[in-house]
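If you want the building blocks of each chain, they are given just below.
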Amino acid sequence: MANSSFAIWALVAVVWLTPGISSADLVGYKAKPSSTNLTISSIVEKMPVAPTIISYLMQWNGILSDRPQTERKKPILGEKHEPILWAMNAAAQAYSSQGQYEQAESTYLKIIEISGILFGEKNTKSLAYKASLGVFYAEHAKYDKAEPLLNEVLQDRRTLLGEKSLATISSMSDLVVLYAAQGRYEQAQQLLTNAVKIGRPLLGDNHPIILSFINRLAVIYRDQGRYDEAEKIFVTALDNRRTKLGAGHADTVQSMNDLGMSYTRQKRYSDAEPLLKKAFEIRSKQLGEEHLDTLESMHELGVLYASQNRYEQAEPLLLKAYEGREKRLSAGHPATLDSLEHLIKFYEAWGKTEQADQWRAKTTPKKSQK
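Residues numbered from 1 in each chain as written. Predicted model: local features only at pLDDT ≥ 70, side-chain atom pairs only at ≥ 80, totals over all residues. Heavy atoms only, no water.

A. Focus on the overall build of the protein chain. For the protein chain, the helix and strand inventory stands at 20 helices and zero strands. Across the 370 residues of the protein chain, 50% fall into the buried class. If you sum the accessible surface of the protein chain, you get close to 17400 Å²; carbon and sulfur atoms cover 52% of it. (Helix = DSSP H or I, 4+ residues; strand = E, 2+ residues; numbered from the N terminus. Buried < 20%, exposed > 50% of the residue type's maximum accessible area, 1.4 Å probe, protein only. Areas by Shrake-Rupley, 256 points an atom, 1.4 Å probe, with all protein chains shown as cover.)

B. Just the packing of helix 15 (residues 269-287) against helix 16 (residues 292-307), in detail. For the pair helix 15 and helix 16, the least separation of the axes is 9 Å and the interaxial angle reads 150°. The orientation of helix 15 relative to helix 16 falls into the category roughly antiparallel. Helix-helix and strand crossings are classified by hand; for helix 15 and helix 16 the assignment is left-handed. From helix 15, Tyr269, Ala272, Glu273, Leu276, Lys277, Ala279, Phe280, Arg283, Ser284 and Leu287 reach across to helix 16, where they touch Asp293, Thr294, Glu296, Ser297, Met298, Glu300, Leu301, Leu304, Tyr305 and Ser307. Tallied by class, the residues present in the contact of helix 15 with helix 16 amount to 10 nonpolar, four polar and six charged. (Axes fitted to C-alpha atoms, helices over the stretch in contact; angles between N-to-C directions. Parallel < 35°, antiparallel > 145°, perpendicular 65-115°, else oblique. Left-handed = near helix turned anticlockwise from the far one by under 90°. Contact = heavy atoms within 4.5 Å. Nonpolar A, V, L, I, M, F, W, Y, C, P; charged D, E, K, R; others polar.)

C. Seen up close, the side chain of Arg157. Assignment of secondary structure puts Arg157 in helix 9 (residues 143-161). Asp174 provides the closest opposite charge to the buried, salt-bridge-free Arg157, at an N-O distance of 5.1 Å. A polar contact is formed between the side chain of Arg157 and the backbone oxygen of Ala167, at a distance of 3.1 Å. Setting aside residues up to four positions removed in sequence, Arg157 forms contacts with Leu127, Ala128, Ala131, Gly162, Ala167, Thr168, Ser170 and Ser171. (Lys, Arg positive; Asp, Glu negative; His and termini not counted. Salt bridge = Lys/Arg side-chain N within 4 Å of Asp/Glu carboxyl O. Polar contact = N/O pair within 3.5 Å; in protein donor to acceptor, adjacent residues only side chain to side chain.)

D. Geometry of the pattern of salt bridges. Summed over the entire model, instances satisfying the criterion amount to 22 salt bridges. The shortest N-O distance in the salt bridge between Arg268 and Asp271 comes to 3.2 Å. The partly exposed category is assigned to Asp271, whose relative accessible area is 33%. The salt bridge partner of Lys327 is Glu290, with a shortest N-O separation of 3.8 Å. Separated by 37 residues along the polypeptide, Lys327 in helix 17 (residues 311-328) and Glu290 in the loop between helix 15 and helix 16 bring together distant segments of the chain. Each member of the pair, Lys327 as well as Glu290, is classed as exposed. Through salt bridges with shared partners, one network takes in Arg222, Asp223, Asp258 and Arg265.

E. Summary view of the packing of aromatic side chains. Considering all chains together, one arrives at eight aromatic pairs under this definition. Ring geometry for Tyr108 versus Phe136: centroids 5.3 Å apart, planes at 45°, classification tilted. With Tyr108 in helix 7 (residues 101-119) and Phe136 in helix 8 (residues 124-139), this residue pair connects regions lying 28 residues apart in the sequence. For the residue pair Tyr108 and Phe136, the accessibility class agrees, reading buried in each case. Members of the aromatic cluster, joined through ring pairs, are Tyr311, Phe346, Tyr347 and Trp350. Stacked on the ring of Phe119, the Lys or Arg Lys125 has its end atom at 4.9 Å from the ring centre. (Phe/Tyr/Trp six-rings, centres within 6.5 Å; stacked < 30°, edge-to-face > 60°. Lys NZ or Arg CZ within 6 Å of the ring centre and 35° of its normal.)

So, in structure tokens, the structure goes:
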């Protein structure tokens, strides 16, 4: 038992002592690593012992289950032990990043169970952990599980905290992303407009959260083919993020990548290329080539080259992006299927019909699993 205690508190010490980490980073907010701000998810993702540590943490399951029925509603931890929940949340993120989705889901569910016992199911801390699970489901296209959970969190936060709360605004943002991913643009835009209306007086025009909302609105316009409207907003978001956060910040790079994608779709290749190349370069350096954000940039740069008939440059990027997405997400995830469809079109355009047919053969079974 001494070894397990050491492993638990070793991870807790990392959580507790690492600068730039707040509870908001760990429970319901998706902080992205930058050159100056490490997050717990980026730390744990690089720790090969994470699965071993989580196995020790999950022994709390046994503690809960073995207690007499009449005692199970009593807290077994105290406020001072909350870092254990943070560590479990970080380990769940590590499982997800390694493609171990069942382990990630079960860990999130256990966190919610324990936090409910500690703080109550409607407590703001418990709701933050529920939001983390909802975002996890949304990221992995489990929309039928994500939507009711994220809606529940939003309603409970409205009741507990009111509309003018960052946590409530964060829940609105989570649902915007969910709706947009499903092509429910009208609902997404309505909720996003409401979030900006509430958040702008509280935070100011150039707060990172408001800039994130503005960029998200541009993405919605772009995906609807409203390119002129999207471009104006993208340029504003990119300029403000570059000034406020720096050229290498993850949010700035996201705007850079999004604007580049918009230019590619309009066949404005000379405008798109420097943006997409720079985004890929920064993400590769900061996050590594297997990170989902890097894979996004890799895919979009490959699409750009393919659109210009630069086939030899496009092929390795498109292939690697597909392989990475299949590994990190799943074969039936929308992003993986998007990579697959682009590979088919790519080989057809290149005149390599045999390769196109081989990739097309993957399409039907993948879509049936979705």
